Amino acid sequence: MDRNQLLGYYTSRPLVVSIAKKIQEPVANHLQIGGLAGSADAIILAAVTSLTTNSHLVILNDREEAAYFLNNIENLLANNQPLFFLHHIKELFSSMILIMPVFYQEQRC
């Protein structure tokens, strides 16, 4: 299964479609999704990006978690590279920040 097939499978899932619809609403949305294992968070977020045009902000707990997530997202979204901010912004939020350009809204996956 290649990357496009994997993302195609997830973009048709009801959870991903409902997240994308919620993000497209004109009011500000803050979503937190828990209970996922492995790379499921990155896969779901990558699928959501293919259904939306919003920008998303992902806040992660620490540098290691952010590095794994960044690696997964970079591999899934080969044409849309994320922006990765840490250290200076870390002091403001007490966590690591990962911003996906033109695709992500505040989201914890």
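The structure under discussion appears in the preceding block.
Residues numbered from 1 in each chain as written. Predicted model: local features only at pLDDT ≥ 70, side-chain atom pairs only at ≥ 80, totals over all residues. Heavy atoms only, no water.

A. Structural view of the environment of Leu7. Structurally, the position occupied by Leu7 is in helix 1 (residues 3–11). Expressed as a C-alpha distance, the spacing of Leu7 and Ile43, which sit 36 residues apart in the sequence, is 7.1 Å. Once you skip the residues sitting within four places of it in the chain, Leu7 turns out to touch Ile43, Ala46, Ala47 and Leu76. (Helix = DSSP H or I, 4+ residues; strand = E, 2+ residues; numbered from the N terminus. Contact = heavy atoms within 4.5 Å.)

B. A look at the side chain of Thr49. Summarising the element assignment, Thr49 is placed in helix 3 (residues 40–51). One polar contact links the side chain of Thr49 to the main-chain carbonyl oxygen of Ala46, over a distance of 2.5 Å. (Polar contact = N/O pair within 3.5 Å; in protein donor to acceptor, adjacent residues only side chain to side chain.)

C. Broad picture of helix 3. With 12 residues, helix 3 extends 17 Å between its outermost C-alpha atoms, agreeing within 8% with the 16 Å of an ideal straight helix rising 1.5 Å per residue. Within helix 3, 10 of the 12 residues are buried, which leaves it mostly tucked inside the rest of the structure. For helix 3, every residue scored as buried is listed here: Ala40, Asp41, Ala42, Ile43, Ile44, Leu45, Ala46, Ala47, Val48 and Thr49. (Expected span 1.5 Å × (residues − 1). Buried < 20%, exposed > 50% of the residue type's maximum accessible area, 1.4 Å probe, protein only.)

D. Representation of the packing of helix 2 (residues 14–24) against helix 3. Between helix 2 and helix 3, whose axes approach to 9 Å, the crossing angle comes to 55°. By the angle between their directions, the pair helix 2 and helix 3 is classed as oblique. Here helix 2 and helix 3 pass one another in a crossing that is right-handed. Residues Leu15, Val16, Val17, Ile19, Ala20, Ile23 and Gln24 of helix 2 pack against Ile44, Ala47, Val48 and Leu51 of helix 3. Along the lines of polarity and charge, the residues of the contact of helix 2 with helix 3 split into 10 nonpolar, one polar and no charged. (Axes fitted to C-alpha atoms, helices over the stretch in contact; angles between N-to-C directions. Parallel < 35°, antiparallel > 145°, perpendicular 65-115°, else oblique. Left-handed = near helix turned anticlockwise from the far one by under 90°. Nonpolar A, V, L, I, M, F, W, Y, C, P; charged D, E, K, R; others polar.)

E. Seen up close, the packing of aromatic side chains. Applying the stated criterion to the full structure yields one aromatic pair. Seen in terms of ring centroids, Tyr9 and Tyr10 are 5.4 Å apart; in terms of plane orientation they differ by 90°. Their pairing is edge-to-face. Residue Tyr10 is classed as partly exposed on the basis of its relative accessible area, which comes to 23%. (Phe/Tyr/Trp six-rings, centres within 6.5 Å; stacked < 30°, edge-to-face > 60°.)

F. A look at the nonpolar core. In terms of nonpolar packing, the biggest core is built from 12 residues, these being Leu7, Ala42, Ile43, Leu45, Ala46, Val58, Leu60, Ala66, Phe69, Ile73, Leu76 and Leu77. With nine residues, the next largest nonpolar core counts Val16, Leu31, Ile44 and Ala47 among its residues. (Core = buried A, V, L, I, M, F, W, Y, C linked by side-chain atoms within 4.5 Å.)

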